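# Chain and residue survey
Take a look at the letters that make up each chain.
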Amino acid sequence: NAKLGQGERALELYRKMQQSGVKSDKYVFIAVLKACAKTADLTQGRLIHCQIIETGLNSDVAVGSTLVDMYTKCGSVENAREQFDKMHERNVVSWTIMIAGYAQHGHGTEALQLFKQMEFEGVIPNTTTFAHILSACASQAALVEGMQVHANIVASGFDLVVVVGNALVNMY
């Protein structure tokens with residue numbers, strides 16, 4: 001239901017599941033966190049985060065990444081970064097979600113710093129990562145950094161991907 005844009009309905013079904021004593025697994029938590037993100041329900045998202053901690057699923061990379069996404073989409077970039085920093089395992093999706101969150105909330109400098117850290121740690125950016133970091137460069141008028149990212153994009157062979165091309169046009 002969360003995928004269909006029916007966030008409120010998904011949250012209602014989740015509450016009914018809880019009342020019925022049905023235990024949630026990682027897939028349920030991911031779906032309900034997406035519903036919280038879609039409805040910008042930070043309070044419910046925080047409650048679900050507590051339940052995730054109780055089950056021990058907070059160490060799962062997919063659950064952790066979805067928590068970061070929920071916090072950024074609910075406007076709580078600080079909570080997103082706190083969750084991101086607590087993740088024992090991160091993948092390109094985790095990094096991209098945090099970079100996107102920074103870029104979308106006007107924290108271009110932090111997005112650029114995180115991108116550099118990502119590269120330093122050997123995580124290879126994907127087209128979505130590049131699109132978001134270019135957006136951060138554009139918002140910061142960081143042309144030199146954007147040109148460096150552009151060179152990286154060409155080296156990666158992503159320069160002909162439409163979403164990356166659009167982000168490049170926007171940045172320049």
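Residues numbered from 1 in each chain as written. Predicted model: local features only at pLDDT ≥ 70, side-chain atom pairs only at ≥ 80, totals over all residues. Heavy atoms only, no water.

### Details of the environment of Gln-44
Looking at where Gln-44 falls in the secondary structure, it is placed in helix α3 (residues 42–55). Take Gln-44: its relative accessible area is 12%, and that puts it in the buried class. Once the C-alpha coordinates of Gln-44 and Ile-133 are considered, the two residues, 89 residues apart in sequence, prove to be 30 Å apart. Non-local contacts of Gln-44, meaning those with residues more than four positions away in its chain, are made with Leu-11, Tyr-14, Arg-15 and Cys-36. (Helix = DSSP H or I, 4+ residues; strand = E, 2+ residues; numbered from the N terminus. Buried < 20%, exposed > 50% of the residue type's maximum accessible area, 1.4 Å probe, protein only. Contact = heavy atoms within 4.5 Å.)

### Focus: the packing of helix α4 (residues 61–73) against helix α6 (residues 92–104)
With their axes 9 Å apart at the nearest point, α4 and α6 run at an angle of 5 degrees to one another. With respect to each other, α4 and α6 are oriented roughly parallel. In this structure, α4 uses Val-61, Ser-65, Val-68, Asp-69 and Thr-72 to contact α6, whose residues at the interface are Ser-94, Ile-97, Met-98 and Gly-101. Across the contact of α4 with α6, the residue classes break down as four nonpolar, four polar and one charged. (Axes fitted to C-alpha atoms, helices over the stretch in contact; angles between N-to-C directions. Parallel < 35°, antiparallel > 145°, perpendicular 65-115°, else oblique. Nonpolar A, V, L, I, M, F, W, Y, C, P; charged D, E, K, R; others polar.)

### Side note on unusual backbone geometry
Generally, phi is negative for residues other than glycine and the peptide bonds are trans, each holding for most cases. The backbone phi angle of Ala-40 is positive, close to 55 degrees, even though this residue is not glycine. By the element assignment, Ala-40 lies in the loop between α2 (26–39) and α3. With a relative accessible area of 47%, Ala-40 lands in the partly exposed category. Although it is not a glycine, Ala-141 sits at a positive phi angle of roughly 55 degrees. In this fold, Ala-141 is placed in the loop between α8 (127–140) and α9 (143–156). Of the residues examined, Ala-141 reaches a relative accessible area of 69% and is grouped as exposed.

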